[in-house]
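Here is what each chain is made of, one letter per residue.
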Amino acid sequence: MAETLASVRTRFEYNGRTAQVTGIVIGNLLLSIPSLGFYRFWGKTRLRRYVWSHIEYLGERVEYTGTGLELFVGFLVGLAVLVPYAGISAIVQSQVESGNGQIIAQIIGLIILFFLIHVAQYRARRYRLNRTNWRGIRGGQTGAAWRYGLAGVSLMALSILTLGLTVPLSRTVLQNLRTSNTWFGDRCLSFEARTGMLMPYWLLCWILFVPSIGFSYLWYQAKEFRVFTAHTQFGGLSFESDLTGASLLRVVGLYLLSLIVIVIIILIPYFWVDLTALSPEQIKAAGEIPEELVSPIIASSILTGVGLALLGSVQRIIALQSLLPLVFSRLAVIGTVDFEAIIQSQQEKLSRGEGLADAFDVGEF
């Protein structure tokens, strides 16, 4: 009987429709323009609620209970940290006169910045899990964000010093910190992957990175995902994936194609008239921008802004409608667990959103 239960395979399903997701993403973009970007908190909430509600497991849908107001308040709290940091950093660098002192001040500033980014990512994940329900049971994440931040910035420094050779160590340690502190109700996930399981694949990826124009990294990412998945457990459940680098390449190909199209759109004014016909020195000597260049410059600025906004929107659509279904279709859940025995999480329900993650724009999903 135990062997039979252990061989039971189930799957997550995502049935969101591309037309509906596109409508939400474009609608959010259009509403963010007149609101000067403030609608994005409510737009992000709207998109998450749609996506979460179209993820099913065992016939039950996932639910996202966060609100736009919580994200907005969290953003303001994040600014209360980020603005003083930016001000102090600018003051310190302006007061340092020597070249070496400037370099040291910039390095320290970058270390603090990357520490804050890692803290932001960890806290954002905590909020999203805290606002995710399945069958009425809430997810959760424990652990100190500052410890994750210190680990992240230390491992990043080690990777830089070793020219990237220790990337598997960094990613395994951080994945362990995330997964081992992830809860569903009163039960925690476990993670048992080790760096040595990935190092041979990373070395091959590292060697082939330049000759393959970076595509060897997709092959490595697929392998890493399979290893991490196979060494994650939740009670009597284990997981298995057959995700491949080739399948990831198709998703990346869609993104690169959209990138090329959008870049062409941004460059249209440059085909219209040669914006480099006059050098900055000539324009400065004339005291004003020549009339024949005003319209192309304005058009270029507008199209650049529109192009970047569209690129972000296309990236979201591809991630949700190509990458997410791909990952779920290649993911199997093995075994059974008595979900009725799982009780509600005793972790405090968070009252505000992702804070610094919104300020750094690293808290999308």
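Look up a bit, the structure's there.
Counting starts from 1 at the beginning of each chain's written sequence and moves along it residue by residue. Per-residue local features are limited, in this predicted model, to residues with pLDDT of at least 70; the limit for side-chain atom pairs, both in listing and counting, is 80 or more; totals at the level of whole chains, interfaces and linings are taken over all residues. Side-chain descriptors were evaluated using all non-hydrogen atoms of the structure, hydrogens and water having been removed beforehand.

A. Inspection of the environment of Thr142 at higher detail. Among the secondary structure elements, Thr142 is positioned in the loop between β6 (137–141) and α6 (145–161). A C-alpha to C-alpha distance of 9.8 Å links Thr142 and Arg123, two positions 19 residues apart in sequence. Contacts are assigned to residue pairs with any non-hydrogen atoms lying within 4.5 Å of each other. Not counting chain neighbours up to four residues away, the residues in contact with Thr142 comprise Tyr122, Arg126, Asn181, Trp183 and Gln347. The definition of a polar contact used here is a pair of N or O atoms within 3.5 Å, where within protein one atom must be able to donate a hydrogen and the other to accept one, and adjacent residues in sequence count solely through side-chain atom pairs. A polar contact is formed between the side chain of Thr142 and the side chain of Trp183, at a distance of 3.1 Å. In DSSP terms, a helix is any run of H or I states spanning at least four residues, a strand is any run of E spanning at least two, and both are numbered starting from the N terminus.

B. Region of interest: the packing of aromatic side chains. A pair of Phe, Tyr and Trp rings is counted when the ring centres sit within 6.5 Å of each other, with Trp represented by its six-membered ring. The angle between the planes then sorts it: under 30 degrees is stacked, over 60 is edge-to-face, the rest tilted. Across all of its chains, the model carries 20 aromatic pairs by this definition. Joined through ring pairs, the aromatic side chains of Phe12, Tyr57, Trp134, Phe184, Phe234, Phe328 and Phe339 make up one cluster. For a Lys NZ or an Arg CZ to count as sitting over a ring, it must be within 6 Å of the ring centre and within 35 degrees of the ring normal. Taking NZ or CZ as reference, Arg40 lies 5.3 Å from the ring centre of Phe75, over its face.

C. Region of interest: the side chain of Arg138. Summarising the element assignment, Arg138 is placed in strand β6. Ignoring any residue separated from it by four or fewer positions in sequence, one finds Arg138 in contact with Leu129, Asn130, Thr132, Asn133, Phe184, Gly185, Gln344, Ser345, Gln347 and Lys349.

D. Quick peek at the side chain of Thr229. Tracing the chain through its elements places Thr229 in helix α9 (residues 216–230). There is a polar contact of 2.7 Å between the side chain of Thr229 and the backbone oxygen of Phe225.

E. Region of interest: the sheet that holds β6. Ordered in space as β2-β3-β4-β5-β6-β7-β8, the 7 strands form an open sheet in which the pairing is antiparallel. At either margin of the open sheet sits one strand with a lone partner, and together these are β2 (12–14) and β8 (187–188). In this structure, strand β3 (residues 55–57) lies alongside strand β4 (residues 60–64), joined through 2 bridges in antiparallel fashion. Of the residues in β4, the one forming a bridge with Tyr57 is Glu60. For every element, the axis is a line fit to its C-alpha atoms; helices are fit only across the contacting stretch, and the angle between N-to-C directions ranges from 0 to 180 degrees. Along the sheet face, helix α3 (residues 40–53) touches β2, β3, β4 and β5 (132–134) and points at about 165 degrees away from the line of β4. The pairing criterion is simple: DSSP has to find at least two bridges between the two strands.

F. Just the nonpolar core, in detail. If you look at the biggest cluster of nonpolar residues, it comprises 31 residues, and the most contacted ones within it are Tyr14, Val21, Val51, Leu237 and Phe339. Looking at this core, the elements with two or more residues in it are α2 (18–32), α3, β3, β4, α4 (68–95), β11 (237–241), α13 (291–329) and β12 (331–334). Among the elements that make up this core, the one with the highest residue count is α3 (5 residues). Not counting chain neighbours up to four residues away, the residues in contact with Val51 comprise Tyr14, Leu320 and Leu324. Within this scheme, the nonpolar core is defined by two criteria: the residues are buried Ala, Val, Leu, Ile, Met, Phe, Trp, Tyr or Cys, and they are joined through side-chain atoms within 4.5 Å. Only protein chains enter the accessibility calculation, which uses a 1.4 Å probe; a residue is then buried when its area is under 20% of its type maximum, exposed when over 50%, and partly exposed in between. Of all hydrophobic cores here, the second largest spans 9 residues; its members include Val167, Leu198, Val227 and Phe228.

G. Representation of the pattern of salt bridges within the structure. By definition, a salt bridge exists where a carboxyl oxygen of Asp or Glu is found within 4 Å of a side-chain nitrogen of Lys or Arg. This structure, assessed with the given rule, holds 5 salt bridges. One salt bridge in this structure joins Glu70 and Arg131, with 2.8 Å as the shortest N-O distance. With Glu70 in helix α4 and Arg131 in the loop between α5 (99–130) and β5, this residue pair connects regions lying 61 residues apart in the sequence. A salt bridge links Glu340 to Arg135, with the nearest nitrogen and oxygen atoms 2.6 Å apart. Of this pair, Glu340 sits in the loop between β12 and α14 (356–360) while Arg135 sits in the loop between β5 and β6, placing them 205 residues apart in sequence. You can call Arg135 partly exposed: its relative accessible area is 39%.

H. View of unusual backbone geometry. You will see that Leu36, though not glycine, has its phi angle at about 60 degrees, which is positive. With respect to the helices and strands, Leu36 occurs in the loop between α2 and α3.

I. Spatial organisation of the sheet that holds strand β10 (residues 232–234). Spatial ordering of the open sheet is given by β1-β12-β11-β10-β9, a layout of 5 strands whose pairing is antiparallel. The open sheet terminates on both sides in strands that have one partner only, identified here as β1 (9–10) and β9 (190–191). As paired strands, β11 and β12 are joined by 4 bridges and run antiparallel to one another. In the sheet register, Glu240 faces β12, and the bridge partner there is Ala332. Relative to the sheet, α9 contacts β9, β10, β11 and β12, its axis offset from that of β11 by approximately 165 degrees.

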